Amino acid sequence: MLVNGTFFTRLTNANNEEFEVTEEEMANAFACCLKELRKFKGYTLKQVADGTEIPFQTIARYESGENTPSIIQAFKLAYFYNIELTDMFLAGYIDEDNREKFFEEQFGQQ
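About the criteria used
Residues numbered from 1 in each chain as written. Predicted model: local features only at pLDDT ≥ 70, side-chain atom pairs only at ≥ 80, totals over all residues. Heavy atoms only, no water. Helix = DSSP H or I, 4+ residues; strand = E, 2+ residues; numbered from the N terminus. Buried < 20%, exposed > 50% of the residue type's maximum accessible area, 1.4 Å probe, protein only. Areas by Shrake-Rupley, 256 points an atom, 1.4 Å probe, with all protein chains shown as cover. Polar contact = N/O pair within 3.5 Å; in protein donor to acceptor, adjacent residues only side chain to side chain. Arc of directions from axis to C-beta.

Student: Help me understand the overall build of the protein chain, please; the structure alone is not making it clear to me.
Tutor: Broken down by element type, the protein chain carries 6 helices and 3 strands. The helix and strand sequence of the protein chain, counted from the amino end, reads β-β-β-α-α-α-α-α-α. Here the protein chain holds 110 residues, and the buried ones make up 36% of them. With an accessible surface of roughly 6800 Å², the protein chain has 46% of that area assigned to carbon and sulfur atoms.

What follows is the structure, given as structure tokens:
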């Protein structure tokens, strides 16, 4: 995937073609994934905060897209959810119905 002309990681569409996104689009996709992943796992903001040592207010701002996590915070979240960081970004680009299927494939039925 290219972000503002810089190679980031390989994300592809249904036709297996790499696609280009802006930083804002990538941040929005990550925020969307965070919130949906937390709901899928059945966690509260407090549980995520306790498990990652990231203040729950900060996590809420990440989920709303108001703030973007640092790479360290993003890795903490990925580790907490037991998902690859690139998969967290990818999940943000999947429509809602297929995102749940993606999570089920990653984690099994919840």
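Student: I tried to follow the environment of S64 on my own but got confused; where do I start?
Tutor: With respect to the helices and strands, S64 occurs in helix 3 (residues 56–64). We classify S64 as exposed; its relative accessible area is 52%. Separated by 32 residues in the primary sequence, S64 and C32 have C-alpha atoms spaced 7.7 Å apart. Polar side-chain contacts of S64 include one of 3.1 Å to the backbone oxygen of R61. Side-chain polar atoms of S64 contact the backbone nitrogen of E66, separated by 3.2 Å.

Student: Quick question: what am I supposed to make of helix 3 here?
Tutor: Counting along an α-helix, one turn takes 3.6 residues, and residues three or four places apart therefore face a common direction. Burial in helix 3 covers these residues: T58, I59, Y62 and E63. Within helix 3, the buried residues cover an arc of 140 degrees as seen down the axis, which keeps them to one side.

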